[in-house]
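# A closer look at the structure
Chain by chain, the residues:
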Amino acid sequence: MKALVVAGARPNFMKVAPILHGLDTASHEGILLHTGQHYDAQMSDAFFRDLGLPEPAFHLGVGSGTHAQQTARVMEAFEPVLVKSKPNWVVVVGDVNSTLACTLVAAKLKPDIGCQVAHVEAGLRSRDWRMPEEINRVLTDRVSDLLLTPSRDAHPNLLAEGVPADRIVFVGNVMIDTLVTQLPKARQLDMPGRLGVRRGEYALVTLHRPSNVDDRAALRAVLEALAQIASRMPVVLPIHPRTRKNVEAFRMASLLDRLHVVEPVGYTEMVSLTNDAALVLTDSGGLQEESTVLGVPCVTLREQTERPITLTEGTNRMAPWPLSAEGIRSAFEAALDSGRSPAGHPVPEGWDGRAAERVVSALVSRSTI
Ligand code: UD1
């Protein structure tokens, strides 16, 4: 079996690594394609190094642009690659523009070359159509042949949209495979020590959603809350390029003065920072899941989450909406009071470090050759 595995942006790399490894272990051919949606050393290369990812067999080099430009460039560059490589499967992960672009191309070439599309992390829904990722998720699921879900709560979402039940397979969370593999290395890194903060005594923050950082009032509310929290404990903020640009454009740089602002960090460094944080404040999807498995309290800076299992079976809580400095502060206090989960705490089903094995089994059993 031959599978072309697509990665484009930072949150994809930790999901494709265990799938490629699983394919290799089971003696199948896994071919890595990087669309180049993320291209910085810190947003891309650092992840290849940390995760031991192979050089991509194909690099489309699409770079930044508007949504239409990015999606169109990936589609145009992907089509000839797919025609040439003729895999049995195109495996896409997550919800970024590259995910949707490659899925559309493969779905339309299917009658000619016979490839099927598998979507890993299928069925998550925020029901917020202002999020580009929600559009990407729904459309990707609609035209994929095999929907591999990270949690069982994704199944009713897909069934309600008319997806036939026999296309849906529960596999668990592949991102946690990578977390489990990298945790011993991360524990030895002591990132907090390197940044001059004490283990267990700082807040870790990530912020990049357009709804938070492209809007002046929202960005101000979050940064004001963080400045206030910084008087209680150090706040570490690895800053996303989109956020950095907007802080400068809105002339809000002075609100960062009291924070430990660092460049985006590599994967293992981020796991080290998350594992040793007193709590996490974030608008990322992945960090809600990672903090749940690590037992670290998390405050999500969004109106809703497409990962509700982290609220019901994990350490996550939503900041009151609409975001305000006061609301974020009170959610911070509540999360801090809740404390870290004890060692051996339960985690959601299938978040066990073996999801990629189940992905590979599903691909094999649904393969048409
Ligand atoms: C993308 C994904 C989002 C994911 C996030 C993680 C979509 C629609 N969004 O959002 O789901 O959570 O990645 O990071 O696919 N930039 C750099 N260097 C890079 C990459 C981007 O400087 O390596 C700059 C770009 O020029 C752009 C900004 O960062 O101005 C945003 O990049 P973009 O890929 O458009 O979206 P993200 O906000 O990163």
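Every chain is numbered on its own, with residues counted from 1 as its sequence reads. Per-residue local features are limited, in this predicted model, to residues with pLDDT of at least 70; the limit for side-chain atom pairs, both in listing and counting, is 80 or more; totals at the level of whole chains, interfaces and linings are taken over all residues. Here the side-chain values reflect all heavy atoms present in the structure, with hydrogen atoms and water set aside.

Attention now moves to the overall build of the protein. To qualify as a helix, a DSSP run of H or I must reach at least 4 residues; to qualify as a strand, a run of E must reach at least 2; elements of each kind are numbered from the N terminus. When helices and strands are counted, the protein shows 16 helices and 13 strands. The C-alpha radius of gyration of the protein comes to 20 Å, within 12% of the 21 Å expected for a compact globule of 369 residues. Its C-alpha atoms give the protein principal-axis dimensions of roughly 60 × 45 × 40 Å. Throughout, a contact is declared for two residues whenever any of their heavy atoms are within 4.5 Å. Sequence separation of at least 24 residues holds for 71% of the intrachain contacts in the protein that already meet a minimum separation of 6. Shrake-Rupley sampling with a 1.4 Å probe provides the accessible areas, and residues are treated as covered by the protein chains on show and by no other component. Surface accessibility of the protein: about 14,800 Å² in total, with carbon and sulfur atoms responsible for 51%. Computing the positive centroid from 38 side-chain charges and the negative centroid from 42, the protein places the two 1 Å apart. All radius of gyration figures rest on C-alpha atoms, and the globule criterion is 2.2 Å times the number of residues raised to 0.38. Positive charge is attributed to Lys and Arg, negative charge to Asp and Glu, and no charge count is given to His or to the chain ends. The atom standing in for a charge is NZ when the residue is Lys, CZ when it is Arg, CG when it is Asp and CD when it is Glu.

Looking now at the state of the cysteines. Think of a disulfide as a covalent bridge from one cysteine sulfur atom to another cysteine sulfur atom. What counts as a disulfide here is a pair of cysteine sulfur atoms lying within 2.5 Å. Counting across every chain of the model gives 0 disulfides. The thiol of C115 is unpaired, and the distance to the nearest cysteine sulfur, on C102, comes to 11 Å.

This next bit is on the domain arrangement of the protein. All domain edges in this entry derive from an automatic or database-based domain assignment. Split into domains, the protein comes out as domain 1 (2–173 + 351–366) and domain 2 (180–338). Its C-alpha centre places domain 1 at a distance of 26 Å from the equivalent point of domain 2. The interface of domain 1 with domain 2 comprises 25 residues on the first partner and 25 residues on the second. When the area that domain 1 buries against domain 2 is broken down by residue, the three leading residues are Q42, D50 and W351, summing to 28%. Reported buried area values correspond to the accessible surface (1.4 Å probe) lost by two parts on association, with both partners' losses combined.

With respect to topology, 7 strands assemble into an open sheet ordered β3-β2-β1-β4-β5-β6-β7, the strand pairing being parallel. A strand with exactly one partner marks an edge of an open sheet, and here the two such strands are β3 (58–59) and β7 (168–170). Orientation is described by lines fitted to C-alpha atoms, with helices fitted over the stretch in contact, and by angles between N-to-C directions that extend from 0 to 180 degrees. Contacting β4 (89–93), β5 (116–120), β6 (146–149) and β7, helix α16 (residues 355–366) crosses the sheet at an angle of about 160° to β6. For two strands to pair, DSSP has to find at least two bridges joining them.

All right, on to helix α2 (residues 41–51) then. For every residue, the accessible area (1.4 Å probe, protein chains only) is compared with the maximum for its type, and the residue is labelled buried under 20%, exposed over 50%, or partly exposed between those bounds. By the burial criterion, the buried members of α2 are M43, S44, A46, F47, F48, D50 and L51. Among the structural elements, α1 (10–25), β2 (29–34), α7 (174–189), α11 (241–249) and α12 (267–275) are those in contact with the buried residues of α2.

Right, let's talk about the nonpolar core for a bit. Residues L53 and L148 are the most contacted members of the largest nonpolar core, which totals 56 residues. Counting residues per element, this core draws most heavily on α1, which supplies 7 residues. In this structure, this core is formed jointly by two domains, domain 1 (2–173 + 351–366) and domain 2 (180–338), each of which donates at least three residues. If near-sequence neighbours (up to four positions away) are discounted, L148 is found in contact with A118, H119, V120, E121, A122, V169, V171, V359 and A362. Here, nonpolar core means buried Ala, Val, Leu, Ile, Met, Phe, Trp, Tyr and Cys residues that are tied together by side-chain atoms lying within 4.5 Å of each other. Counting residues in each nonpolar core, the second largest holds 33 residues, with V205, V222, V247 and V299 among its members.

Another aspect to go through is the site of the ligand. Throughout, near means a residue has at least one heavy atom within 4 Å of the molecule or strand. In the region of the ligand, 20 residues are neighbours, and H38, S64, E133, R242 and K245 sit closest. In the analysis that follows, any N or O atom pair within 3.5 Å is treated as a polar contact, provided that within protein one partner can donate a hydrogen and the other can accept it, and provided that, for residues neighboring in sequence, both atoms belong to side chains. Separating an oxygen atom of the ligand from a side-chain N or O atom of Q37 is a distance of 2.9 Å. Residue H38 places a side-chain N or O atom 2.8 Å away from an oxygen atom belonging to the ligand. Within the complex, 89% of the 750 Å² of free accessible area of the ligand lies under protein. Elements with a minimum of two residues in the shell around the ligand: α3 (67–85), α5 (132–143) and α11. Ranked by the residues each element gives to the shell around the ligand, the list is headed by α11, at 3 residues. As a working rule, the residues Ala, Val, Leu, Ile, Met, Phe, Trp, Tyr, Cys and Pro are called nonpolar, Asp, Glu, Lys and Arg charged, and the rest polar, with Gly in that last group. When its residues are assigned to classes, the shell around the ligand shows 6 nonpolar, 8 polar and 6 charged. Residue contributions to the shell around the ligand reach at least three from each of two domains, namely domain 1 (2–173 + 351–366) and domain 2 (180–338).

In this section: the sheet that holds strand β12 (residues 298–300). Reading across the sheet, the 6 strands line up as β10-β9-β8-β11-β12-β13 and stay open at both edges, with parallel pairing between neighbours. Strand pairing shows two members of the sheet lacking a second neighbour, β10 (260–262) and β13 (316–318), which therefore form its edges. With direction set aside, neighbouring strand axes in the sheet form an average angle of 20°. Bridging between strand β8 (residues 203–206) and strand β11 (residues 279–282) involves 4 bridges; their strand directions are parallel. Its bridge partner being in β11, A203 is matched across the sheet by L279. Helix α15 (residues 325–338) rests against β11, β12 and β13 of the sheet, and its axis sits at about 150° to β11.

As a further point, take unusual backbone geometry. Residues apart from glycine generally show negative phi values, whereas peptide bonds are mostly found in trans. Of note, the amide linkage connecting W321 to P322 takes the cis form, showing an omega dihedral of -5°. Locating P322 in the fold gives a position in the loop between β13 and α15. A positive phi is found at D190, a non-glycine position, where the angle reads about 50°. Tracing the backbone shows D190 in the loop between α7 and α8 (191–195). Its identity as a non-glycine residue notwithstanding, R251 has a phi of 55°, on the positive side. Its place among the elements puts R251 in the loop between α11 and β10.

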